[in-house]
Amino acid sequence: MRNQSQRRKRIVQTAAALALRGGVEAMQMRAVAERAGVALGTLYRYFPSKMDLVVAVVTEELDLLERSIERRPPAAPTAAGRAVDVLLRATRGLMREPELGDALVRSLIMTEATTDLAPRITDLLWRVARQETDAERVPDRESPDYLVVGSLCGVWIFEVLEVLKGHRDVEQVQHRLQVTADRLLAGMD
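Parameters and conventions
- Residues numbered from 1 in each chain as written.
- Predicted model: local features only at pLDDT ≥ 70, side-chain atom pairs only at ≥ 80, totals over all residues.
- Heavy atoms only, no water.
- Phe/Tyr/Trp six-rings, centres within 6.5 Å; stacked < 30°, edge-to-face > 60°.
- Helix = DSSP H or I, 4+ residues; strand = E, 2+ residues; numbered from the N terminus.
- Contact = heavy atoms within 4.5 Å.
- UniProt positions renumbered as here; feature names shortened; annotations may be inferred.
- Salt bridge = Lys/Arg side-chain N within 4 Å of Asp/Glu carboxyl O.
- Buried < 20%, exposed > 50% of the residue type's maximum accessible area, 1.4 Å probe, protein only.
- Core = buried A, V, L, I, M, F, W, Y, C linked by side-chain atoms within 4.5 Å.
- Expected span 1.5 Å × (residues − 1).
- Arc of directions from axis to C-beta.
- Patch = residues over 30% accessible without salt bridge, like charges linked within 9 Å, V, L, I, M, F, W, Y side chains within 5 Å.
- Areas by Shrake-Rupley, 256 points an atom, 1.4 Å probe, with all protein chains shown as cover.
- Lys, Arg positive; Asp, Glu negative; His and termini not counted.
- Charge placed at Lys NZ, Arg CZ, Asp CG, Glu CD.

One pass over the full model with this rule turns up one aromatic pair. With a centroid separation of 6.4 Å and an interplanar angle of 35°, the aromatic rings of Tyr46 and Phe47 are classed as tilted.

This is the structure:
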């Protein structure tokens, strides 16, 4: 089991390195398998499609964001401020690696692969906005607060798309997210 976990991690890290150098297009399955030192069939056993592999890379990035939030929680006094802090950290991380940012957006809105990325991002924002410290606590995903936080995530995804297309910069996104979050999350404080 440990060897399988290490092999999977090596594949994901290899795919991320290829994406950083040449974009998602550089994440050719054969190239990933060769550089990770696994047979192509082994790679397909772990990741049946390229999009499954992209989702795994993006999931790894989300894990890093969550650990960053745990180490340095947002200090803003309002739910809106804390939520925007998290979204800006994610946005800046994506802009450092625009090809992975593009992959994230595609994985959230276009993939047929099963992914829990959108609920994970919404859960993280919900916990941060409410200053919930128990990461294991699953929020009521039908509660009004959760649904509003999910709507904020939808706005963020659109704004990230605009940045990736070159229509906005991060400062413009920050302003738009702050205005939206202030209005949507006003009742959560």
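We are not done yet, so read on.
Right, let's talk about the side chain of Thr14 for a bit. Relative to the assigned elements, Thr14 resides in helix α1 (residues 2-22). Ignoring anything within four residues of it in the chain, the contact list for Thr14 reads Val32, Arg35 and Ala36.

All right, on to the UniProt feature "domain: HTH tetR-type" (unreviewed entry) in the chain then. Under the feature "domain: HTH tetR-type" (unreviewed entry), the UniProt entry names residues 5-65. The distance separating the terminal C-alpha atoms of residues 5-65 is 21 Å; by composition the span is 80% helix and 0% strand.

Glancing now at the UniProt feature "DNA-binding region" (unreviewed entry) in the chain. Feature annotation in UniProt assigns "DNA-binding region" (unreviewed entry) to the following positions: residues 28-47. Measuring from the first to the last C-alpha atom of residues 28-47 gives 12 Å, for a span that is 75% helix and 0% strand.

Once that is clear, we can look at the environment of Val160. Following the sequence through the fold, Val160 ends up in helix α8 (residues 144-164). Non-local contacts of Val160, meaning those with residues more than four positions away in its chain, are made with Thr91, Leu94, Met95 and Val105.

Summed over the entire model, instances satisfying the criterion amount to 10 salt bridges. For Glu66, the salt bridge goes to Arg127, with nearest N and O atoms at 3.9 Å. Residue Glu66 is found in helix α4 (residues 50-71), and its partner Arg127 is found in helix α7 (residues 117-130); the two are separated by 61 residues along the sequence. Take Glu66 and Arg127: they sit in the same class, and that class is buried. In this structure, the salt-bridge partner of Arg141 is Asp123, at a minimum N-O distance of 2.4 Å. Taken together, the positions of Arg141 in the loop between α7 and α8 and Asp123 in helix α7 put the pair 18 residues apart, joining distant regions of the chain. Several salt bridges share partner residues, and in doing so they unite Asp63, Glu66, Arg120 and Arg127 into one network.

All right, on to the nonpolar core then. Core analysis: the biggest nonpolar cluster contains 55 residues, and Ile11, Met27, Leu43, Phe47, Leu53, Trp156 and Leu185 have the highest contact counts within it. Mapped by element, the contributors of at least two residues to this core are α1, α2 (29-36), α4, α5 (79-96), α7, α8 and α9 (170-184). Sequence-distant contacts of Leu185, that is, excluding residues within four places in its chain, are made with Ala79, Ala80, Ala83, Ala129, Val148, Val149 and Leu152.

We note that Gln131 has phi near 55°; this positive angle belongs to a residue other than glycine. Inspection of the secondary structure assignment puts Gln131 in the loop between α7 and α8. A relative accessible area of 54% means that Gln131 is categorised as exposed.

Turning our eyes to something else, we now look at α9. Across its 15 residues, α9 extends 20 Å between first and last C-alpha, which sits within 8% of the 21 Å expected from 1.5 Å per residue. Within the span of α9, buried status applies to Val170, Val173, Leu177 and Ala181. Looking down the long axis of α9, one finds its buried residues gathered within 55° of arc, a one-sided arrangement. Of the exposed residues in α9, those oriented more than 90 degrees away from the buried face are Glu171, His175 and Arg183.

The next subject is a positive patch on the surface. A contiguous patch of positive charge on the surface is contributed by Lys9, Arg67, Arg71 and Arg72. Mapped onto the fold, Arg72 is located in the loop between α4 and α5. The exposure class of Arg72 is exposed, given its relative accessible area of 53%.

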